[in-house]
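# Residue-level structural notes
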Amino acid sequence: MSTATEPLRALLLEGIHSDAVASLEKNGYAVETVDRALDEDELTARIAGVHMLGIRSKTTITDAVLAAAPELLAIGAFCIGTNQIDLPATLQRGVAVFNAPFSNTRSVVELVVAELIALTRRLFDKNSLMHAGVWDKSAEGAHEVRGRRLGIIGYGNIGSQLSVLAESLGMSVFFYDTADKLALGNARRCASMEELLAVSDVVTLHVDGRPGNSGLFGEAEFARMRPGSLFLNLSRGFVVDHGALRSHIESGHLAGAAIDVFPHEPKGRGDEFVSELRGLPNVIITPHIGGSTEEAQQDIGQFVAGKLQDFVATGNTALSVNLPTVSLPAPPEGHRLTHLHRNTPGVLATINGILADHDVNIEGQLLGTRGEIGYVITDIGTRYTSDVIEQLRGLPTTVRLRLLS
Ligand SMILES: NC(=O)c1ccc[n+]([C@@H]2O[C@H](COP(=O)([O-])OP(=O)(O)OC[C@H]3O[C@@H](n4cnc5c(N)ncnc54)[C@H](O)[C@@H]3O)[C@@H](O)[C@H]2O)c1
């Protein structure tokens, strides 16, 4: 752990929000920032001695990177997704991972609301015509959203918040989710996606990125949508067959669409965007900006920086992406041991046996397991000897032992 002359080191990549930097510096971390992603070689060369790593979606964390970072305690994904991180490797090496699952929920929902009104009024078509000098004042194909039926597929953080805002606009909300979800307000649950497609004037996808959702929405699903209905996807690009969407827009079966996520997205700002959806009428295409607001970035910065610091200081893992959830209030005094181990029968008894053999009294203890990994926080009131630590660290099941005092 750190001493007065050796503060803990944090390396933050990809231009993470300045609130995260300020929070870490205020709490004594030595923070190094880089405004872009680093590739494996660059990161491997810079990561030795770093205790906390912050990334966004464009930095890939491989086992080789982790191997070069024996001091690394935690990785903060200052975004929602964690596909860019080799999570099994982080477990093998005892590195906690945190992300910001809720910080941009509101931003996505507001964009969906804006787009469903814009599509329903054919706003972008009118706007394009005006810029081309065409005055096309007509009510044809333009509607109010009030009274229309919104079908939400995936009623998680985003889907359920959208449900509340859409009802406040006077829409009737239907939803379909594979998990049991509480219907908010007057929203009605559909027993199947087919049932939802049959009743909805607007269909919007908010499913998560599990591999099984690849190709979830294709020709058959578009064909089941009501004539003249609208389609939105702000979830994941690989969920939708864009060729099928194009043909349903061109045939006039669908009245419009808004798409924010694509199966193949350009790597950098300014790169060419290639898609079947370019040039279609009443189709809004945006460069994956659903969650991209300054408010969301600020919230992500504060949220993830807070989670990382709490984990390093207390060992608590609430909302960790990879570790079991274990949160024990910090003891007023005394010492804390955290032990990450392979989840086999008898580990807790072995740990407690070692403590008992050395007359170490346990003042608080909490164990959590998740698949093959177990994590136990133990508060002890007396001083421990190096022998205790050596024995705990030497257990064949130990992945990582930390001493927090
Ligand atoms: N466009 C953006 O910038 C942006 C920003 C944030 C999140 N997202 C994406 O939005 C999506 C939703 O995010 P969230 O925070 O609400 O996730 P979440 O995990 O809270 O909710 C996802 C919901 O979808 C349900 N689901 C999964 N597969 C399903 C299926 N095949 N049919 C029906 N329901 C299914 C799950 O049970 C869950 O309730 C994610 O894919 C996320 O990556 C996009």
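Everything discussed here concerns the structure shown above.
Residues numbered from 1 in each chain as written. Predicted model: local features only at pLDDT ≥ 70, side-chain atom pairs only at ≥ 80, totals over all residues. Heavy atoms only, no water.

## Quick look at unusual backbone geometry
- In the Ramachandran plot, N282 falls in the positive-phi region, its phi being about 45° despite a non-glycine side chain.
- What makes N282 buried here is its relative accessible area of 2%.
- Positive phi values are uncommon outside glycine, yet H288 reaches one of about 50°.
- With respect to the element layout, H288 can be found in the loop between β12 (283-285) and α11 (294-314).
- Of the residues examined, H288 reaches a relative accessible area of 39% and is grouped as partly exposed. (Buried < 20%, exposed > 50% of the residue type's maximum accessible area, 1.4 Å probe, protein only. Helix = DSSP H or I, 4+ residues; strand = E, 2+ residues; numbered from the N terminus.)

## Digging into the sheet that holds strand β14 (residues 362-370)
- The four strands lie next to each other as β14-β15-β13-β16, forming an open sheet whose pairing is antiparallel. Either end of the sheet is taken by a strand with one partner, and the two such strands are β14 and β16 (398-403). Looking at each pair of strands side by side, their axes are set apart by 10° on average, direction ignored.
- Pairing between β14 and strand β15 (residues 373-380): eight bridges, direction antiparallel. Across the sheet, L367 pairs through a bridge with V376, a residue of β15.
- Sheet contacts for helix α13 (residues 386-393): β13 (335-342) and β16; angle to β16, the most-contacted strand, approximately 155°. (Pairing = 2+ DSSP bridges. Axes fitted to C-alpha atoms, helices over the stretch in contact; angles between N-to-C directions. Contact = heavy atoms within 4.5 Å.)

## Looking at the nonpolar core
- Ranked by size, the top nonpolar core spans 31 residues in total, and within it L12, Y29, F78 and F311 carry the most contacts.
- Mapped by element, the contributors of at least two residues to this core are β1 (9-12), α1 (18-26), β5 (96-98), α11 and β15.
- The leading source of residues in this core is α11, at six residues.
- Beyond its immediate stretch of four places on either side in the chain, Y29 contacts L8, A10, L24, M52, Q309 and V312.
- Ranked by size, the runner-up nonpolar core spans 26 residues in total, among them I153, L205, L254 and V283. (Core = buried A, V, L, I, M, F, W, Y, C linked by side-chain atoms within 4.5 Å.)

## Observations regarding the site of the ligand
- Surveying the vicinity of the ligand reveals 27 residues, the closest of which are I158, D177, V207, N213 and D260.
- The contact in question runs from an oxygen atom of the ligand to an N or O atom on the side chain of K181, over 3.3 Å.
- Taking V207, its main chain carries an N or O atom lying 2.6 Å from an oxygen atom of the ligand.
- Computed on the free molecule, the ligand has an accessible area of 880 Å², of which 88% lies beneath the protein chains in the complex.
- Residue composition of the shell around the ligand, grouped by class: nine nonpolar, twelve polar and six charged. (Near = heavy atom within 4 Å. Polar contact = N/O pair within 3.5 Å; in protein donor to acceptor, adjacent residues only side chain to side chain. Areas by Shrake-Rupley, 256 points an atom, 1.4 Å probe, with all protein chains shown as cover. Nonpolar A, V, L, I, M, F, W, Y, C, P; charged D, E, K, R; others polar.)

## Regarding the packing of α1 against α11
- Remark: α1 packs on α11, axes separated minimally by 7 Å, with the N-to-C direction vectors making an angle of 30°. If you check the angle between α1 and α11, you find them roughly parallel. With respect to the hand of their crossing, α1 and α11 are arranged in right-handed fashion. Residues D19, A20, S23 and L24 of α1 form the contact with α11, whose own contacting residues are Q298, G301, Q302, A305 and Q309.
- Each residue belonging to the contact of α1 with α11 can be placed in one class, and the counts come to three nonpolar, five polar and one charged. (Parallel < 35°, antiparallel > 145°, perpendicular 65-115°, else oblique. Left-handed = near helix turned anticlockwise from the far one by under 90°.)

## Observations regarding the packing of aromatic side chains
- The final tally for this structure, using the stated rule, is six aromatic pairs.
- Aromatic side chains F217 and F222 sit 4.9 Å apart centroid to centroid with 75° between the ring planes, which places their arrangement in the edge-to-face category.
- On the basis of relative accessibility, which here comes to 0%, the residue F222 falls in the buried class.
- Both rings, one in F222 and one in F231, keep their centres 4.9 Å apart while their planes meet at 70°; by these two values the pair is edge-to-face.
- Three or more aromatic residues link up through ring pairs in this structure, and these residues are F217, F222 and F231. (Phe/Tyr/Trp six-rings, centres within 6.5 Å; stacked < 30°, edge-to-face > 60°.)

## A closer look at the environment of A255
- Assignment of secondary structure puts A255 in strand β11 (residues 254-259).
- Once the C-alpha coordinates of A255 and R146 are considered, the two residues, 109 residues apart in sequence, prove to be 17 Å apart.
- Apart from residues no more than four positions distant in its own chain, A255 is found in contact with R122, G228, S229, L230 and N282.

## Overview of the environment of S103
- Inspection of the secondary structure puts S103 in the loop between β5 and α5 (105-120).
- Spatially, the C-alpha atoms of S103 and A257 are 26 Å apart, while their sequence positions differ by 154 residues.
- Excluding residues that lie within four positions of it along the chain, S103 makes contacts with A296, D299, I300 and F303.
- Among the polar contacts made by the side chain of S103, one reaches the side chain of D299 at a distance of 2.8 Å.

## Notes on α5
- Along its 16 residues, α5 runs 23 Å from first to last C-alpha, staying within 8% of the 22 Å computed at 1.5 Å per residue.
- Within α5, burial applies to T105, S107, V108, V109, V112, V113, E115, L116, A118, L119 and T120.
- The positive-phi residue at the C-terminal boundary of α5 is R122, with phi of around 55°. (Expected span 1.5 Å × (residues − 1).)

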